[in-house]
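Listed here are the chains, written in short residue letters.
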Amino acid sequence: MDYKKLGESIVELIGGKDNVASLTHCATRLRFNLKDEGKANTQALKNTPGVMGVVSNAGQYQVIIGSDVGSVYKEIIKLVDLDQGIENANVEEDKRSRGAKLIDTITGIFTPILPAITAAGMLKAVLAILVAFKLISTESQSYQVINFMADSAFYFLPILLANSAAKKFKCNAYLAMMIGGILLHPNFVTMVNTAKEAGTGISVFGLPISLASYSSSVLPIILAVWFMSLVEPIADKISPKPIKFFSKPLITIAITGVITLVVIGPIGYNISDLIGTGIKTIESYCSWLVPTLIGGLTPLFVMTGTHYGLIPIGINNRMTLGYDTIIYPGMLASNVAQGAASLAVAFKSKQSDIKQLAMSAGITGVCGITEPALYGVNLRFKTPLYASMIGGAIGGLFMGIFKVANYSGGSPGFLTLPSYIGGDTMTTFYFACIGAAISVVIAFVVAFIIYKDPVTEGATVKKKEDKKENNTIVKTTHSKDVVCAPITGEAIPLKDVSDETFAGEILGKGMAIIPTEGKVVSPVSGTVSMVFDTKHAIGLVSDDGIEILIHVGIDTVRLEGKYYTAHVKTGDRVEIGTHLLDFDMKGIMSQGFEVVTPIIISNTTDYTEVLSVTDRKVSAGEEVIKVVK
């Protein structure tokens with residue numbers, strides 16, 4: 001894959017580098033905040049080779065790449081001139097809802113630290129395996145060294161979160177990390193432990209400091225950095241210009257540090273405690289409910305990007321309770337079910353391209369990264385998605401009933417099953433394995449039974465009698481999900497069109513016609529969605545939801561409407577055969593332009609197949625394209 005070329009294409013299709021307010025990425029997605037999403041060409045982006053899908057949700061414009069996302073991200077960063085993950089200062093007024101802003105903030109804070117959390121979880125998982133098979137002793141120095149290496153990401157979590165939170169709240173990242181260091185400083189930890197043992201307290205300028213421990217905490221540092229983002233502009237404003245370099249950070253850190261220790265830290269600590277208590281209550285009275293819901297619905301959360309809002313809850317559970325029985329077990333069931341459904345497609349499909357894609361995506365899915373399976377296979381064919389949701393829900397139900405606990409996180413999948421080793425016995429690990437196996441078997445069996453390969457035969461084209469009424473050709477009968485020829489001429493495949501945008505199916509699949517007369521009629525019954533100012537192209541939406549683009553000529557936008565006459569306007573109702581447009585073929589060709597006319601199905605991704613007639617003469621009103629759901 002040419003990462004540079006793909007990066008350039010993505011930047012162009014999202015509206016250019018000046019339309020990018022910020023950019024981060026996770027395991028499979030580029031996550032843009034765009035100044036104006038209306039400038040993005042989503043349909044063209046979805047059809048760009050190397051792009052698996054596009055999702056716009058909660059204020060984020062997410063471009064799904066897959067495992068190569070890091071390489072593409074690096075190329076885009078070079079193009080858009082952003083510091084990695086830092087907001088562009090010239091962001092227009094944010095008009096998103098509060099819920100959208102909250103989800104975007106949570107995602108932006110936790111997404112960058114996931115590699116560190118995943119690495120720590122995997123190290124813990126490896127240690128758990130080595131201990132379980134008696135290959136290493138917990139008393140050995142090797143165990144202790146690897147253990148503290150893994151613990152470092154959890155213990156210093158406030159500093160990691162401070163860095164990413166500062167980027168979201170647009171304040172100085174190094175001062176934010178200093179606040180994290182204040183909460184974790186060995187002298188402060190010693191003072192707290194000593195005061196607890198002596199039954200005394202700690203104060204600063206007479207203000208009492210709560211005797212709380214902030215290692216591995218989540219909420220206190222996020223709230224502290226948010227508060228710092230309010231203090232820093234004030235410090236900048238009141239600092240005399242000659243000494244601002246010294247006074248601004250001094251005022252910021254002094255105020256934020258003291259308020260964090262006295263007020264914000266204890267509030268965040270208590271909220272985390274309440275969440276942990278609430279989780280324990282749910283576990284006591286209805287332990288099966290949440291894992292079941294998460295096991296079944298996680299694919300929908302992933303499609304919208306809101307699954308990142310659940311991760312902090314799982315982390316908080318492990319930090320406060322020592323384990324998580326709610327979030328990660330449900331996600332484990334969902335992820336392996338996604339992979340299993342894709343693998344079922346690989347085993348059942350008779351089409352080599354589908355088999356190859358589904359096998360690769362399925363293996364990745366059961367290992368914990370589901371986007372290739374979700375977007376490449378399950379969502380595309382629908383039935384595997386349903387199967388994965390069923391398998392995930394049943395596996396989640398099992399793990400909820402038996403209160404399966406995750407002790408160290410990681411990307412939920414077979415590779416992180418050792419993260420369920422903990423406590424006094426291996427029971428929770430065994431139940432995690434059984435629950436994952438249940439999800440896999442059910443999802444695989446259901447998908448294998450209900451999946452069917454998409455139709456691959458060519459579209460059946462029938463020429464029927466028609467009648468003329470008021471300059472409109474009215475077809476007597478037509479099949480559903482078909483598009484008729486808008487022009488009389490010779491049908492050719494898109495790949496033979498000289499324009500790379502059409503030939504590469506960037507705008508969608510379809511066909512092209514070399515016209516023999518300069519008249520365009522409606523290929524469907526529906527509505528005119530757009531008439532270009534230059535009249536060289538018309539967009540339509542059929543009553544069945546098919547979106548069609550008719551583009552008369554190649555690069556004819558440069559004619560600025562010369563030689564074209566439109567007979568309809570945006571919003572007009574049309575029937576098959578309604579006169580849409582006239583064009584002067586000789587005039588256009590005399591200016592050096594081709595008149596070959598692509599007919600594009602703009603919402604190609606809504607269908608499993610777009611089948612078309614090629615390499616023969618067709619008449620206006622004759623069925624030439626069939627879409628298959």
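Keep in mind that what you see is a predicted model, and the values were worked out from it rather than measured. (Residues numbered from 1 in each chain as written. Predicted model: local features only at pLDDT ≥ 70, side-chain atom pairs only at ≥ 80, totals over all residues. Heavy atoms only, no water.)

Trainee: Would you take a moment to explain the overall build of the protein for this structure?
Mentor: Helix and strand counts for the protein come out as 20 helices and 22 strands. Residues classed as buried in the protein amount to 50% of the 629 residues present. Counting only carbon and sulfur atoms, one obtains 59% of the accessible surface of the protein, whose full area is about 28400 Å². (Helix = DSSP H or I, 4+ residues; strand = E, 2+ residues; numbered from the N terminus. Buried < 20%, exposed > 50% of the residue type's maximum accessible area, 1.4 Å probe, protein only. Areas by Shrake-Rupley, 256 points an atom, 1.4 Å probe, with all protein chains shown as cover.)

Trainee: How should I be thinking about the sheet that holds strand S11 (residues 509-515) in this particular structure?
Mentor: Note on sheets: strands pair through backbone hydrogen bonds, and any given pair is parallel or antiparallel. Read across the sheet, 8 strands follow the order S17-S13-S14-S15-S19-S11-S10-S21 without closing on themselves; strand pairing throughout is antiparallel. In this open sheet, the two edge strands, each paired with only one partner strand, are strand S17 (573-574) and strand S21 (616-618). For strand S14 (residues 537-542) and strand S15 (residues 547-551), the ladder comprises 5 bridges, and the chain directions are antiparallel. Across the sheet, the residue bridging to leucine 540 is isoleucine 548, located in S15. (Pairing = 2+ DSSP bridges.)

Trainee: Help me understand the environment of threonine 428 in this model?
Mentor: Within the secondary structure, threonine 428 sits in helix H18 (residues 427-450). When the C-alpha atoms of threonine 428 and alanine 405 are compared, they prove to be 6.2 Å apart, with 23 residues separating the residues in sequence.

Trainee: What's the story with helix H8 (residues 173-184) in this structure? I'm lost.
Mentor: In an α-helix, one full turn covers 3.6 residues, which means residues spaced three or four apart are oriented alike. In a regular helix each residue adds 1.5 Å, so 12 residues correspond to 16 Å; H8 covers 17 Å between its end C-alpha atoms and thus fits that length. Every buried residue of H8 is accounted for by Ala173, Leu175, Ala176, Ile179, Gly180, Leu183 and Leu184. (Expected span 1.5 Å × (residues − 1).)

Trainee: Would you explain the environment of leucine 161 in this entry?
Mentor: Counting through the fold element by element, leucine 161 comes out in helix H7 (residues 157-169). In sequence terms leucine 161 and isoleucine 221 are 60 residues apart; their C-alpha atoms lie 7.1 Å from each other. Apart from the residues within four sequence positions on either side, leucine 161 is in contact with Ile109, Phe110, Ile113, Ser217, Val218 and Ile221. (Contact = heavy atoms within 4.5 Å.)

Trainee: What exactly am I supposed to notice about the nonpolar core here?
Mentor: Ranked by internal contacts, the top residues of the largest apolar core, which has 58 residues, are Phe110, Leu161, Ile221 and Val225. Sequence-distant contacts of valine 225, defined by excluding residues within four places in its chain, comprise Ala162, Ala165, Ala166, Phe169, Cys171 and Ala176. In this structure, Val531, Leu540, Phe583 and Val624 belong to the second largest nonpolar core, which totals 36 residues. (Core = buried A, V, L, I, M, F, W, Y, C linked by side-chain atoms within 4.5 Å.)

Trainee: Would you take a moment to explain the packing of aromatic side chains for this structure?
Mentor: The description of an aromatic ring pair rests on the distance of the ring centres and on the angle between the ring planes. Scanning the model with the defined rule gives 13 aromatic pairs in all. Aromatic pair phenylalanine 398 and phenylalanine 431: ring centres 6.0 Å apart, planes at 70°, arrangement edge-to-face. Residue phenylalanine 398 is found in helix H17 (residues 383-401), and its partner phenylalanine 431 is found in helix H18; the two are separated by 33 residues along the sequence. On the basis of relative accessibility, which here comes to 15%, the residue phenylalanine 398 falls in the buried class. Given a relative accessible area of 23%, phenylalanine 431 falls into the partly exposed group. Linked through ring pairs, Phe188, Tyr214 and Tyr269 together constitute an aromatic cluster. (Phe/Tyr/Trp six-rings, centres within 6.5 Å; stacked < 30°, edge-to-face > 60°.)

Trainee: Could you clarify how one ought to interpret the pattern of salt bridges in this entry?
Mentor: Two side chains carrying opposite charge are able to pair once their charged atoms lie near each other. For the coordinates displayed, the defined rule picks out 9 salt bridges. Here glutamate 622 makes a salt bridge to arginine 616, at a shortest N to O gap of 2.8 Å. Classification of arginine 616 as partly exposed rests on a relative accessible area of 32%. Each member of the salt-bridge network shares a partner with another, and the members are Asp236, Lys244 and Lys248. (Salt bridge = Lys/Arg side-chain N within 4 Å of Asp/Glu carboxyl O.)

Trainee: Whenever I open this one, the pairing of strand S13 (residues 526-531) confuses me. Can you help?
Mentor: The side chains of a regular strand alternate, first on one face of the sheet and then on the other. Bridging between S13 and S14 involves 5 bridges; their strand directions are antiparallel. Counterpart to threonine 527 in the pairing with S14 is valine 541. Hairpin connection of S13 to S14: 5 residues between the antiparallel strands, including lysine 535 at a positive phi of 60°. By the bridge criterion, 2 bridges tie S13 to S17 in an arrangement that is antiparallel. Note on S17: the bridge partner recorded for threonine 527 is arginine 573.

Trainee: Looking at this structure, I do not really get the side chain of threonine 428. What am I missing?
Mentor: By relative accessible area, which is 11% here, threonine 428 ends up buried. Of note is the side chain of threonine 428, whose polar atom sits 2.8 Å from the backbone nitrogen of alanine 405. Here threonine 428 is in contact with Lys403, Val404, Ala405, Tyr407, Tyr420 and Gly422, once residues within four sequence places are set aside. (Polar contact = N/O pair within 3.5 Å; in protein donor to acceptor, adjacent residues only side chain to side chain.)

Trainee: Which parts of the structure should I look at to understand the sheet that holds strand S18 (residues 579-583)?
Mentor: Spatially, 3 strands are ordered S12-S18-S16 in an open sheet, and the strand pairing comes out antiparallel. Looking along the sheet, the strands with just one partner apiece sit at the ends: strand S12 (519-521) and strand S16 (564-566). Neighbour-to-neighbour, the strand axes of the sheet open up by a mean angle of 15°, direction not taken into account. (Axes fitted to C-alpha atoms, helices over the stretch in contact; angles between N-to-C directions.)

Trainee: I tried to follow the confidence of the model for the protein on my own but got confused; where do I start?
Mentor: Overall, the predicted model of the protein reaches an average pLDDT of 83, with 89% of residues at or above 70. Here residues 83-92 is a poorly scored stretch, pLDDT under 50, and it has 23 contacts once near neighbours within four places are set aside; other chains count. Note that pLDDT drops below 50 for residues 456-477; the model gives that stretch 40 contacts with residues more than four away or on any other chain. (pLDDT = per-residue confidence, 0-100.)

Trainee: What is the right way to read unusual backbone geometry from this model?
Mentor: Keep in mind that most residues, glycine aside, have a negative phi and that most peptide bonds are trans. Of note, phenylalanine 205 is a non-glycine position whose phi angle comes to about 55°, a positive value. Residue placement: phenylalanine 205 occurs in the loop between strand S5 (202-204) and strand S6 (207-209). Taking the relative accessible area as the measure of exposure, phenylalanine 205 reaches 78% and is therefore exposed. Here the phi dihedral of lysine 535 falls at roughly 60°; this positive angle occurs in a residue that is not glycine. By secondary structure assignment, the location of lysine 535 is in the loop between S13 and S14. When its relative accessible area of 31% is taken as the criterion, lysine 535 is described as partly exposed.

Trainee: Honestly, a nonpolar patch on the surface in this entry has me stumped. Any pointers?
Mentor: Together, Trp288, Leu289, Leu293, Leu297, Leu300, Leu397, Ile401 and Phe402 make up an exposed nonpolar region whose accessible area comes to about 660 Å². When contributions to the nonpolar patch are tallied by element, the ones reaching two or more residues are helix H12 (289-304) and H17. When its relative accessible area of 48% is taken as the criterion, isoleucine 401 is described as partly exposed. (Patch = residues over 30% accessible without salt bridge, like charges linked within 9 Å, V, L, I, M, F, W, Y side chains within 5 Å.)

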